[in-house]
Amino acid sequence: MLALGAATSYAQAATATVPALPAAGATAVPVGLGPWAAPKELPGVTAVVDLKSTRGGTLAGLFTQDGRTVLAVRPAGSTTWGPAAPAPGGATLQRTDDGALSLLSWTAADDGQRTLKLSSLAPDGTAFGPAEDVTTGTLAGDRAHRRTQLTTLAANSKGHQAVAWMDQEHRLTVVERPGPNADWSAPRTLDRLPDPIVRDDNVYQYVLWDLRVAVDEAGTVGVIWGGNSHYTGDGVDPDPSAYKWHYKYLEKSAAAGSSWTAPRDLPLLGERPKQVALAAHPRGGFHLLSGGAYARKAAGAAEWGQPEQAGVGARQYAPAELLTAPNGDVTAVGMTGSGTAGVATRPASRGSWGAARKLASYVDADSLSAAATPNGAVVVTYTQKRFELGRTVREDFVAQTVEDGDPAKPRTLSAQLRDARSAGLVAADAQGRPVAVWAQSAPGAAPAAYTATTGTRAKPKWHDYADDARADVVGLSLSDSMKLYTGDATNPTTTFYASPWDEKTRVVPFGDADGDRCNDLIVRLPGGEARLYTPVCGGLPAPDSPHQRLARDWSRYDTLLASGDQTGDGRPDLLARDKATGDVYLYAHDGTDGAGAFKPRVKIRSSWTGYKRVIGAGDLNGDGLGDVLALDKSGDLWRYDGLRTGKLKDRVRVFKDWGGSYKDVVGAGDVNGDGKHDLVSRDTGDRLWLNAGNGTGTFANRVAFGDAAYWKQWASLG
């Protein structure tokens with residue numbers, strides 16, 4: 001509870017060492033982030049101003065409570081927020097590369113001078129220390145700059161700190177110190193925004209849009225700052241020739257005795273830069289993202305490298321997020337178009353950007369927030385509009401996990417109340433889990449705030465790809481997408497998809513191949529290449545997502561199928577039927593995590609040429625082993641129960657004169673929620689049918705399950 005305590009101050013310090021996250025042990029692949037738990041209310045909070053976490057997992061938040069901004073801390077290892085205290089006016093919360101948090105604020109004096117104060121929360125601490133004086137000076141206060149952070153702090157992992165701000169004369173000023181216990185340098189003025197451009201009828205005042213500072217591992221400090229001229233008149237048509245941009249890059253080397261370079265242009269920022277991201281790169285030097293173009297300046301290099309297109313751009317009033325991993329992987333979170341949020345990943349091992357992936361449409365650009373977790377996942381939150389009959393009926397707070405460039409299906413965390421608006425932020429706790437905090441307001445209800453995190457991940461249910469403990473339908477669409485159906489087929493908005501996939505691709509829903517407790521997919525491309533994809537929990541892969549090639553050409557198999565565990569070792573296995581001979585082969589999982597490899601194939605059945613369809617049905621009889629269904633040319637459906645040897649028992653007839661009108665038959669798992677595996681079929685008229693399983697290997701009579709107008713858009717079902 002955030003009870004405002006008069007005796008509590010953010011300056012009261014207490015530190016504690018947080019143990020490192022437990023090692024993965026023998027498991028090569030970490031367990032994926034669990035599903036989101038039920039939200040809990042934060043009493044008294046009405047808005048979320050900022051939310052950040054230290055390296056050790058202590059969370060700090062700036063919240064609105066009783067009409068004023070307060071600071072609250074949730075210590076690492078705790079699930080309870082401590083008492084809130086009033087935050088200084090205009091205070092900003094900033095995280096630095098040493099894993100610490102800093103609270104920056106300016107206090108004013110009668111003579112117009114101000115004092116910059118800094119209070120720190122150590123990387124492994126649990127409370128902010130007392131505020132210290134950094135320097136004195138002035139701060140730009142005109143309203144034209146109210147959307148830009150006028151004071152910013154950066155530090156490397158060794159605690160070399162630099163603070164940059166714009167003073168009331170529109171000058172760039174910097175102070176720094178080589179370590180957290182060293183003295184701050186005297187303020188240094190490095191540049192100034194140009195004077196206004198004056199025309200006969202108009203005045204064009206320069207407005208600051210960017211002030212970014214970074215400190216690389218060696219201690220080199222880099223600054224990008226700038227803005228453009230804006231019309232400040234009273235409605236007279238502006239003069240296009242008066243629009244100018246002033247963007248400069250400055251650097252101070254880590255070498256002893258180095259001085260600041262002169263401000264210089266960076267052509268790689270583009271002709272009209274705005275909202276530029278700048279950060280230290282984990283392998284030294286710096287990197288930036290401007291207008292969707294990414295560039296890196298290697299450690300010690302004199303010049304920036306050539307720009308690369310990342311496919312993700314800035315938000316309206318903030319740059320895209322550049323999140324880095326220690327191995328050099330970079331993830332950009334931002335906008336791919338108006339109202340469309342997206343993500344792109346640049347793996348260090350590949351050295352180039354993968355295709356940008358769409359997260360959602362109708363997103364409030366400046367609501368985007370992202371947090372990296374120790375297992376390599378990035379969790380993104382945003383506010384998204386919902387519509388009915390063309391009218392906005394809600395603005396939801398949504399979370400989405402991204403891993404190796406693959407986004408999971410979005411999760412709406414806020415209550416879905418009519419005309420409600422929700423907005424919040426996300427950070428990571430001491431267990432490496434995302435913690436989201438959001439505020440929600442609705443007509444007739446008092447504003448309220450809530451928090452939620454992800455829970456423990458259980459073993460996945462068969463065919464569950466939406467990560468909601470129910471089976472789903474996976475397939476390919478006629479519009480070159482892999483699709484995931486998770487709900488009512490009459491509502492296409494429930495469909496989640498990944499692009500671009502050729503419609504002739506065939507997808508085989510597989511179990512958990514790599515041990516992360518999330519179901520994976522085997523895909524055969526039109527040319528015959530077979531791949532194993534292990535996407536993010538709750539998501540679908542794109543063709544260039546990380547994968548393992550199983551075979552260069554498996555065109556000789558007319559059927560690939562999976563029913564789960566065929567051998568009793570708890571691992572999913574693969575079956576394949578030879579097109580020429582009808583022989584059925586078992587590819588048993590080799591039992592390792594991460595590799596996703598299979599043992600050499602073993603023939604388990606001969607001459608199944610009489611079956612026009614062979615179906616991976618999952619565990620139909622509850623014995624823990626995968627079972628197989630086969631439809632013969634006369635329309636009889638047969639069941640082959642699995643054996644722990646990997647072979648199959650003798651067949652048992654399930655239906656007679658069945659399935660003649662079906663073009664897809666899928667052992668889809670438990671789609672109706674009764675705990676038993678079901679059968680889903682699509683007929684030649686694109687109507688979907690459900691035969692509910694009874695848990696003993698047989699099925700009830702079919703019932704309609706989906707609208708033909710929806711399902712005819714699918715090229716195939718997996």
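Keep in mind the model is a prediction, meaning the values are calculated, not measured.

The next subject is the domain arrangement of the protein chain. Taken domain by domain, the protein chain consists of domain 1 (54-137), domain 2 (139-309) and domain 3 (473-717). Computed over C-alpha atoms only, the centres of domain 2 and domain 3 are separated by 54 Å.

So, about the environment of Lys504. Looking at the element boundaries, Lys504 is found in the loop between β36 (496-498) and β37 (506-509). Overall, the relative accessible area of 57% leaves Lys504 in the exposed class. When the C-alpha positions of Lys504 and Ala715 are compared, they lie 7.7 Å apart, and in sequence the two are 211 residues distant.

The next thing to look at is the sheet that holds strand β11 (residues 161-166). Through backbone hydrogen bonds, the strands of a sheet pair up, either in parallel or in antiparallel fashion. Overall, antiparallel pairing links the four strands, which are arranged β10-β11-β12-β13 in an open sheet. Taken across any chain shown, the strands that pair with only one partner, and hence form the sheet edges, are β10 (151-155) and β13 (188-192). Taking each pair of neighbouring strands and ignoring which way they run, the sheet shows an average axis angle of 20°. Here strand β12 (residues 171-177) runs beside β13; their pairing, made up of four bridges, is antiparallel.

Attention now goes to the environment of Tyr585. Positionally, Tyr585 belongs in strand β43 (residues 584-587). You can call Tyr585 buried: its relative accessible area is 12%. Beyond its immediate sequence surroundings of up to four residues, Tyr585 is in contact with Tyr557, Leu574, Leu575, Ala576, Asp578, Arg601, Val602 and Lys603.

Turning our attention to the sheet that holds strand β52 (residues 703-706). Taken in spatial order, the four strands line up as β49-β50-β51-β52 in an open sheet, and their pairing is antiparallel. Lying at the two open borders of the sheet, with one neighbouring strand each, are β49 (662-669) and β52. Looking at each pair of strands side by side, their axes are set apart by 30° on average, direction ignored.

Here four bridges tie strand β22 (residues 321-324) to strand β23 (residues 330-337), and the two strands are oriented antiparallel to one another. Counterpart to Leu323 in the pairing with β23 is Thr331.

Right, let's get into the packing of aromatic side chains. Applying the stated rule across the entire model yields 27 aromatic pairs. Here the aromatic rings of Phe397 and Trp438 are separated by 5.2 Å at their centres, their planes lie at 25°, and the arrangement is stacked. Here the residue Phe397 occupies a position in strand β28 (residues 391-403), and Trp438 occupies one in strand β32 (residues 434-442), the gap between them amounting to 41 residues. An identical accessibility class is assigned to Phe397 and Trp438; each is buried. Aromatic side chains Tyr557 and Tyr585 sit 6.4 Å apart centroid to centroid with 50° between the ring planes, which places their arrangement in the tilted category. Residue Tyr557 is located in strand β41 (residues 557-564), and its partner Tyr585 is located in strand β43; the two are separated by 28 residues in the primary sequence. Tyr585 shares its class with Tyr557; the two are buried. Among the aromatic residues, ring-to-ring pairing joins Tyr485, Tyr710, Trp711 and Trp714 into one connected group. Over the ring of Trp209 we find Lys274; its NZ or CZ atom is 3.7 Å from the centre of that ring. Above the face of the Trp638 ring, Arg651 is positioned so that its terminal group lies 3.6 Å from the ring centre.

Turning to the side chain of Arg74, a few remarks are in order. Looking at the element boundaries, Arg74 is found in strand β4 (residues 68-74). According to the relative accessible area criterion, Arg74 is buried, its value standing at 7%. Looking at Arg74, its side chain comes within polar contact range of the main-chain oxygen of Ser78, at 3.1 Å. Leave out the neighbours within four places in its chain, and Arg74 touches Gly57, Thr58, Leu59, Thr79, Thr80, Trp81, Asp429 and Val435.

Right, let's get into the nonpolar core. Counting 34 residues, the largest nonpolar core has Leu172, Val223 and Trp225 as the members making the most contacts within it. Looking at this core, the elements with two or more residues in it are β7 (101-108), β8 (114-121), β10, β11, β12, β15 (203-215) and β16 (221-231). No other element matches the six residues that β15 contributes to this core. Both domains that furnish three or more residues to this core are identified here as domain 1 (54-137) and domain 2 (139-309). Beyond its immediate sequence surroundings of up to four residues, Val223 is in contact with Leu172, Leu211, Arg212, Val213, Lys248, Tyr249, Leu250, Trp260 and Leu278. The next biggest cluster of nonpolar side chains, apart from the first, holds 17 residues, and it includes Ile522, Leu560, Leu574 and Phe598.

Attention shifts here to the side chain of Asp210. Counting through the fold element by element, Asp210 comes out in strand β15. Overall, Asp210 belongs to the buried group, its relative accessible area being 0%. Of the polar contacts made by the side chain of Asp210, one reaches the side chain of Tyr247; its length is 2.6 Å.

Counting across every chain of the model gives one disulfide. Each sulfur of the disulfide joining Cys518 and Cys537 lies 1.7 Å from the other. Given an S-S torsion of about 85°, the disulfide between Cys518 and Cys537 has right-handed geometry. With a gap of 19 residues between them, Cys518 in the loop between β37 and β38 (521-524) and Cys537 in the loop between β39 (530-533) and β40 (547-551) connect regions that are remote in the sequence. What makes Cys537 buried here is its relative accessible area of 8%.

Glancing now at unusual backbone geometry. Across the chain, the bulk of peptide bonds are trans and the bulk of non-glycine residues have phi less than zero. A cis amide bond links Ser499 with the next residue in sequence, Pro500, at an omega value of -5°. The residue Pro500 is located in the loop between β36 and β37 in this model. Positive phi outside glycine occurs at Asp419, with the angle close to 65°. Structurally, Asp419 can be placed in the loop between β30 (411-412) and β31 (421-428). What makes Asp419 partly exposed here is its relative accessible area of 34%. Positive phi, close to 55°, is recorded for Ser607, a residue that is not glycine.

To continue, consider the confidence of the model for the protein chain. Across the protein chain, pLDDT averages 91, with 94% of residues at or above 70. Low pLDDT (under 50) marks residues 3-27, which in the prediction has 51 contacts with non-local residues, meaning those over four places away or in another chain.

We now examine the environment of Ala301. One can find Ala301 in the loop between β20 (293-297) and β21 (308-309). You can call Ala301 partly exposed: its relative accessible area is 27%.

What follows deals with the pattern of salt bridges. Under the counting rule described, the total for this entry stands at 33 salt bridges. Across the salt bridge formed by Arg386 and Asp396, the nearest N and O atoms sit 2.8 Å from each other. You can see Arg386 sitting in strand β27 (residues 378-388) and its partner Asp396 sitting in strand β28, a full ten residues away along the chain. A relative accessible area of 23% means that Arg386 is categorised as partly exposed. Notably, a salt bridge pairs Arg531 with Glu529, separated by 3.0 Å at the nearest N-O pair. Like Arg531, the residue Glu529 is buried in the burial classification. Beyond isolated ion pairs, a larger network of salt bridges with shared partners links Lys663, Asp664, Arg682 and Asp686.

Definitions and limits used
The residue numbers shown here count from 1 along each chain, following its written sequence. Reporting in this predicted model follows two pLDDT cut-offs: at least 70 for local features of residues, and 80 or more for side-chain atom pairs to be given and counted; totals over whole chains, interfaces and linings ignore these cut-offs and use all residues. Excluding hydrogens and water, the side-chain figures rest on all heavy atoms present in the structure. Domain limits in this description derive from either an automatic procedure or a database domain assignment. Only DSSP runs of H or I covering at least 4 residues are called helices, and only runs of E covering at least 2 are called strands; the numbering of each starts at the N terminus. Each residue gets one of three labels from its accessible area relative to the maximum for its type: buried under 20%, exposed over 50%, partly exposed in between, using a 1.4 Å probe on protein chains only. A strand pair is defined by DSSP finding two or more bridges across the two strands. Here the axes come from fitting lines to C-alpha atoms, over the contacting stretch only for helices, and the angles between their N-to-C directions go from 0 to 180 degrees. Two residues qualify as a contact provided that any one of their heavy atoms is within 4.5 Å of a heavy atom in the partner residue. Each Phe, Tyr or Trp ring (for Trp, its six-membered ring) is paired with any other whose centre lies within 6.5 Å, and the angle between the two planes then decides the class: stacked below 30 degrees, edge-to-face above 60, tilted in between. Should the NZ of a Lys or the CZ of an Arg lie within 6 Å of a ring centre and within 35 degrees of the ring normal, that charge is described as sitting over the ring. Under this definition, polar contacts are N or O atom pairs within 3.5 Å; protein pairs additionally need one hydrogen-donor-capable and one acceptor-capable atom, and for neighbouring residues in sequence, both atoms have to be side-chain atoms. Residues enter a nonpolar core if they are buried and are Ala, Val, Leu, Ile, Met, Phe, Trp, Tyr or Cys, with the set joined through side-chain atoms within 4.5 Å. Cysteine sulfur atoms that come within 2.5 Å of each other are treated as a disulfide pair. On a range of 0 to 100, pLDDT expresses the predictor's confidence in each residue. We define a salt bridge as a side-chain nitrogen of Lys or Arg found within 4 Å of a carboxyl oxygen belonging to Asp or Glu.

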